[in-house]
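Close look at the chain arrangement
The primary structure of each chain is shown beneath.
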Amino acid sequence: MVALDVVHASNARLRELGPDLVALFVGGTSGIGEFTLKAFVQNTISPRVYLVGRNASAADRIIKECRELNKEGKVEFLKADVTELKEVDLVCKEIQKREKKINLLFQTQGNLTLNGRNENPEGLDRKFTLNYYSRMRFVYNLLPQLRTASAEPPHFSRTLSVLGAGHEGAINLTDLDLKTTFSGARCAAHTIVMNDFMAEEFAAREHGISFLHTSPGVVNTGLTRELPIWARALMKVATPLLSLFFVSADETGQRQLFLASSGIYPPAKPAQGAPLAAGVPFPKDFSVSKGSNGKVGSGAYLVNWNGDISGNEKILSDYREKGVGKTVWEHTMGIFKQVEKINQGGIDSATS
Ligand SMILES: NC(=O)c1ccc[n+]([C@@H]2O[C@H](COP(=O)([O-])OP(=O)(O)OC[C@H]3O[C@@H](n4cnc5c(N)ncnc54)[C@H](OP(=O)(O)O)[C@@H]3O)[C@@H](O)[C@H]2O)c1
């Protein structure tokens, strides 16, 4: 576990990366995204931050609060419902008009529902899309901007998906998108394992960018807002008990920002001669983390809320032997092509 004072000291050094870092927080209008966005704004010099979600009044409040935290910072809201990839593509195009580079892509879009499969016009389940397809689509679309960030001072470029690293379960390789076998538990297992393997697949192709999939612990956020009233009442009753395990809002923001910036989780090949390309330098008694494929500094990391490496090795090593990474990559690229056709063209491919 990384001690909280180490986290704070590391975040305070983020300013060494210099002015004008650009960050995108998808799901920054509430909870873990909001807490981390604020910590980022507070610890950076004249950052430019994009905030994506549906709730405009929450975004207004956060933008005002950020002005108090950092007068030189600029935070802008881009409204989108990212349960549809068409909306993801539109947001990405908007950002690409304004920015050549993105140093940090931080994703927390998600909800807690008891609903069954709920298909969007693209043929994808909406919850599955929040947890997985939209996240991968943001990364895929924005690769040119992430690559530029890794090529220009301070050469820092990272993506982070907050979901459930370490909570992997069995997946059905013959129905990866759960078209015919959907359940809430399977949706969680599939999207967690698929986030894991896509971090690894992207890192194997993009050597200047690091890809993290993290778990936040138990955090008191707005996550239960879409549950039925009886379930919310039950959660309310359970809250005093759960609160024994809560990671506070402030600690969550600070810890996730640490994961989003520490040199403990560097890209596979950080730019030469650029000491900050790996991230914020770490204290002498720390070392570069083991990547998800077991190789130190591989560029893809599965990390627990407290900075420790996670990932259910028993499940993942079996899947790795079966070549599931390649299967997940090909499935995802296939879905993107299919959806682009539905949406008549979609956006230009970022990779071949
Ligand atoms: N909190 C926990 O204890 C916990 C534990 C394990 C895992 N997680 C995972 O961590 C992630 C973040 O959770 P959280 O606790 O921070 O939840 P939260 O407070 O509910 O935040 C979720 C964010 O996702 C956005 N979002 C939801 N649906 C959206 C849509 N259709 N289009 C665009 N944005 C959408 C929300 O924005 P709008 O409402 O503005 O759209 C909000 O900003 C989730 O994936 C969750 O499963 C959380």
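Residues numbered from 1 in each chain as written. Predicted model: local features only at pLDDT ≥ 70, side-chain atom pairs only at ≥ 80, totals over all residues. Heavy atoms only, no water.

**Some thoughts on the packing of helix 2 (residues 31–43) against helix 3 (residues 56–69)**
Interaxial distance between helix 2 and helix 3 falls to 9 Å at its minimum, and their mutual angle equals 30 degrees. Relative to helix 3, the element helix 2 lies roughly parallel. Judged by the twist between their axes, the crossing of helix 2 over helix 3 is right-handed. The residues of helix 3 that touch helix 2, namely those facing Glu34, Leu37, Lys38, Val41 and Gln42, are Arg61, Ile62, Glu65, Cys66 and Leu69. Residue composition of the contact of helix 2 with helix 3, grouped by class: five nonpolar, one polar and four charged. (Axes fitted to C-alpha atoms, helices over the stretch in contact; angles between N-to-C directions. Helix = DSSP H or I, 4+ residues; strand = E, 2+ residues; numbered from the N terminus. Parallel < 35°, antiparallel > 145°, perpendicular 65-115°, else oblique. Left-handed = near helix turned anticlockwise from the far one by under 90°. Contact = heavy atoms within 4.5 Å. Nonpolar A, V, L, I, M, F, W, Y, C, P; charged D, E, K, R; others polar.)

**Points about the sheet that holds strand 7 (residues 300–303)**
Spatial strand order, 3-2-1-4-5-6-7: seven strands in an open sheet with parallel pairing. In this open sheet, the two strands that pair with only one neighbour each are strand 3 (74–79) and strand 7. Looking at each pair of strands side by side, their axes are set apart by 15 degrees on average, direction ignored. In the sheet, strand 4 (residues 104–107) pairs with strand 5 (residues 158–162) via four bridges, with the strands oriented parallel. Note that in strand 5 the partner of Phe106 across the bridge is Leu160. Across the face of the sheet, helix 4 (residues 85–98) comes into contact with strand 1 (22–26), strand 2 (48–53) and strand 3 while running at roughly 150 degrees to strand 3. (Pairing = 2+ DSSP bridges.)

**Examining the nonpolar core**
Core analysis: the biggest nonpolar cluster contains 53 residues, and Leu24, Phe138 and Phe202 have the highest contact counts within it. Counting 39 residues, the second largest nonpolar core, distinct from the first, contains Ala23, Ile32, Val247 and Leu257. (Core = buried A, V, L, I, M, F, W, Y, C linked by side-chain atoms within 4.5 Å. Buried < 20%, exposed > 50% of the residue type's maximum accessible area, 1.4 Å probe, protein only.)

**Examining empty space enclosed by the protein**
Enumeration according to the criterion identifies two cavities of 30 Å³ or more in this entry. For the largest cavity, the calculated volume is near 100 Å³. If you trace the largest cavity, you find 14 residues lining it, with Met136, Val139, Thr159, Ser161 and Leu212 closest to the centre. Every element with two or more residues in the lining of the largest cavity is listed here: strand 4, helix 5 (126–141), strand 5, helix 7 (184–205) and strand 6 (210–214). Across the lining of the largest cavity, the residue classes break down as eight nonpolar, five polar and one charged. Its boundaries defined by the atoms lining it, the second largest cavity holds a volume of some 50 Å³. Together, Leu14, Leu21, Phe40, Asn103, Leu104, Phe156, Leu257, Ala260 and Ser261 line the second largest cavity. Here the residues of the lining of the second largest cavity sort into seven nonpolar, two polar and no charged. (1 Å grid on protein atoms, 1.4 Å probe; cavity = no way out; pocket = protein on both sides within 12 Å on 5 of 7 lines; lining within 4 Å. Points joined across faces, edges and corners; volume = space filled by probe spheres on them.)

**What to know about the side chain of Ser310**
On the secondary structure map, Ser310 appears in the loop between strand 7 and helix 10 (313–321). Those residues within four positions of Ser310 in sequence are excluded, and the remaining contacts are Ala165, Gly166, Leu302, Val303 and Asn304.

**Examining the site of the ligand**
Surveying the vicinity of the ligand reveals 28 residues, the closest of which are Thr29, Ser30, Arg54, Asn55 and Thr221. Backbone polar atom of Gly110 to an oxygen atom of the ligand: 3.3 Å apart, as the coordinates give it. One of the side-chain nitrogen or oxygen atoms of Thr221 is found 2.5 Å away from an oxygen atom of the ligand. Here the ligand loses 91% of its free accessible area of 880 Å² to cover by the protein chains. Those elements that place two or more of their residues in the shell around the ligand are helix 2 and helix 5. Of the residues contributing to the shell around the ligand, the split by class is ten nonpolar, 14 polar and four charged. (Near = heavy atom within 4 Å. Polar contact = N/O pair within 3.5 Å; in protein donor to acceptor, adjacent residues only side chain to side chain. Areas by Shrake-Rupley, 256 points an atom, 1.4 Å probe, with all protein chains shown as cover.)

**What to know about the packing of aromatic side chains**
Here the structure, examined in full by the defined rule, presents ten aromatic pairs. Taking 5.1 Å as the distance between ring centres and 70 degrees as the angle between the ring planes, the aromatic pair formed by Tyr132 and Tyr133 counts as edge-to-face. Ring centres 5.4 Å apart and planes at 45 degrees place the aromatic pair Tyr140 and Phe336 in the tilted group. One end of the pair, Tyr140, is in helix 5; the other, Phe336, is in helix 11 (residues 324–342), and 196 residues separate them in sequence. Looking at Phe336, the relative accessible area reads 2%, which means it is buried. Members of the aromatic cluster, connected to one another through ring pairs, are Phe25, Phe40 and Phe106. Against the face of Phe336 rests Arg137, its NZ or CZ located 4.9 Å from the ring centre. We note Arg205 situated over the ring of Trp329; from NZ or CZ to the ring centre the distance is 3.6 Å. (Phe/Tyr/Trp six-rings, centres within 6.5 Å; stacked < 30°, edge-to-face > 60°. Lys NZ or Arg CZ within 6 Å of the ring centre and 35° of its normal.)

**Details of the side chain of Arg255**
Within the secondary structure layout, Arg255 lies in helix 9 (residues 249–259). Polar contacts involving the side chain of Arg255 include one to the main-chain carbonyl oxygen of Val2, which spans 2.9 Å. Look past the residues within four positions of Arg255 in its chain and what remains in contact with it is Met1, Val2, Ala3, Leu4, Val7, Trp305 and Asn306.

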